[in-house]
Amino acid sequence: MPYFDAATSAPLHPVARQALLAALDEGWADPSRLYREGRRARMLLDAAREAAAEAVGCRPDELVFTASGTQALHTGIAGALAGRRRAGRHLIVSAVEHSAVLHSAAVHEGQGGEVTEIPVDRGGRVDTSLFVRALREDTALACLQSANHEVGTVQPVGEIAEVCRSVGVPLLVDAAQSLAWGPVEGDWSLLTGSAHKWGGPAGVGLLAVRKGVRFSVQGPVDERESGRVPGFENLPAIVAAAASLRAVRAEAAQEAARLRELTALIRARVPELVPDVEVVGDAERRLPHIVTFSCLYVDGETLLHELDRAEFSVSSGSSCTSSTLTPSHVLKAMGVLSEGNVRVSLPAGTSREDVERFLGVLPGAVSSVRDQLGAPVGGGASAGRESLVLDTLGKRCPLPVIELAKAIGQVAVGGTVTVVSDDEVAELDIRAWCHLRGHEFVGEVPADRGWGYVVRRLS
Ligand SMILES: Cc1ncc(COP(=O)(O)O)c(C=O)c1O
């Protein structure tokens, strides 16, 4: 059964398994003890740190292991903000960061700090000049991911790191999605990663803090991991994480080229095979293994179930938001369609046959969901009405968009349809529908319940 959700968690790399089993036998003792078993554990930990530091591009004493990528982000952001308290309390983040960054930003704001969120373009990429313009004298920290977890767009980290360095603001890079493919370019100050994204075991993250970056640990201090991460290290998992990082890097160039071709195939073929689809994310500056698309008139959760029945494991937008019934903050920030969203993220070793099979199954899965929802087929005949109000209160997306698509033919070109909806997703998807269909999103007007979204028919 093809597993296409490596961006959530990659299958365990064979090298990780081998290293894990060996380290369970060799690395169970306390690395801070001076007896033989402790010394053996210490050697394993030191070797793992050296290997990870080499892959990251930092000194071993700049890198600590955490219990997850999330913990690395929480610890890194809190420590850097506290270390720079004298400079100020202004934090910069991009709008498409992982929720661990955005949650840290919310905590900072709740404690009286100020946060600037940098918008992204339709491809999900931050504009360097906007990011640079947000830097201020009282900026304590800036955060930018190396690449986006939902759409794979690679961010201009090198350029932004250079500017941050020149004005003395530390840049924290969340490299969770890209570290398998290579080190992060540029002169960053802090960097985080997550082992289960590169084929290591879950429960290991890493945090690198360059020498000279002011950092003040928050919470009770423990003596392990330079006082930055409390508690007894999960040494077998750390050893496996470092070994697999080295292994995936050795295969990275070849595997990236192979997977890039497969995701390019999906990018090209999906719009040919399935009508009313928007492939999202930057077409060029992207990770090799991720491709994301949204299907009009489709409910994402139902589509995932259809694909699961056809034996394909994919995810919809961010795993953190797909179960909350709110649109993914990434797709929202990009202003793209969120309904019927599918993220395909190929693990290393994915075969072309499996991708071809996926492309064979997808059109049927989408049309089955569309049939269930009564999605429109073709454009309706034109009638001469100037305006029309559609009451879709109580209906969840994609139904408001489906009703809009069926009704647009009932107004004359130049006429308007107002969709009254109380679904939070409606605005985003109606805007995206207008963009895809070439109609004008005029704006929103308050309604007794929810909002009226006004659309002008242009053709
Ligand atoms: C970009 C990014 N940052 C951070 C994380 C969090 O990593 P972890 O799952 O190890 O907590 C993830 C995981 O989804 C991610 O994709």
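Fair warning: this is a prediction, and the values are worked out from it, not measured in the lab.

1. Some words on the site of the ligand
Part 1 of the argument: Taken together, 13 residues form the shell around the ligand, and within it Gly69, Thr70, His149, Ala176 and Ser194 come nearest.
Part 2 of the argument: Looking at side-chain class alone, the shell around the ligand contains two nonpolar, ten polar and one charged residues.

2. Some words on the pairing of strand E9 (residues 290-295)
Part 1 of the argument: Burial runs high along E9: six of the six residues are buried.
Part 2 of the argument: Burial along E9 is two-sided: the residues Ile290, Thr292 and Ser294 and Val291, Phe293 and Cys295 are all buried.
Part 3 of the argument: The pairing of strand E8 (residues 277-280) with E9 spans four bridges and is antiparallel. Considered in E9, the bridge of Val280 is made with Thr292.
Part 4 of the argument: Looking at chain direction, E9 and strand E10 (residues 341-345) are connected through five bridges and run antiparallel. Directly across from Ile290, in E10, lies its bridge partner Ser345.

3. Notes on the domain arrangement of the chain
Part 1 of the argument: When the domains of the chain are assigned, the result is domain 1 (14-248), domain 2 (251-373) and domain 3 (385-456).
Part 2 of the argument: Averaged C-alpha coordinates put domain 1 and domain 3 at centres separated by 43 Å.

4. Structural notes on the packing of helix H7 (residues 235-273) against helix H10 (residues 352-373)
Part 1 of the argument: With their axes 10 Å apart at the nearest point, H7 and H10 run at an angle of 20 degrees to one another. Here H10 runs roughly parallel to H7, going by the angle between their axes. For the element pair H7 and H10, the recorded crossing hand is right-handed. The segment H7 lies against H10, with Leu262, Leu265, Ile266, Arg269, Val270 and Leu273 engaging Arg352, Val355, Leu359, Leu362 and Pro363.

5. Here we look at the sheet that holds strand E1 (residues 63-66)
Part 1 of the argument: Taken in spatial order, the seven strands of this open sheet run E1-E7-E6-E5-E4-E2-E3, and their pairing is mixed. At either end of the open sheet lies a strand with only one pairing partner, and these are E1 and strand E3 (114-118). Going across the sheet, the axis of each strand differs from the next one's by a mean of 20 degrees, ignoring polarity.
Part 2 of the argument: Two elements, strand E5 (residues 171-174) and strand E6 (residues 190-194), share three bridges in a ladder whose sense is parallel. Across the sheet, the residue bridging to Val173 is Leu191, located in E6.

What counts, and at which threshold
- Residues numbered from 1 in each chain as written.
- Predicted model: local features only at pLDDT ≥ 70, side-chain atom pairs only at ≥ 80, totals over all residues.
- Near = placed C-beta within 6 Å.
- Nonpolar A, V, L, I, M, F, W, Y, C, P; charged D, E, K, R; others polar.
- Buried ≥ 20, exposed ≤ 12 C-beta atoms within 10 Å, placed from the backbone.
- Helix = DSSP H or I, 4+ residues; strand = E, 2+ residues; numbered from the N terminus.
- Pairing = 2+ DSSP bridges.
- Domains from an automatic or database assignment.
- Axes fitted to C-alpha atoms, helices over the stretch in contact; angles between N-to-C directions.
- Parallel < 35°, antiparallel > 145°, perpendicular 65-115°, else oblique.
- Left-handed = near helix turned anticlockwise from the far one by under 90°.
- Contact = placed C-beta atoms within 7 Å.

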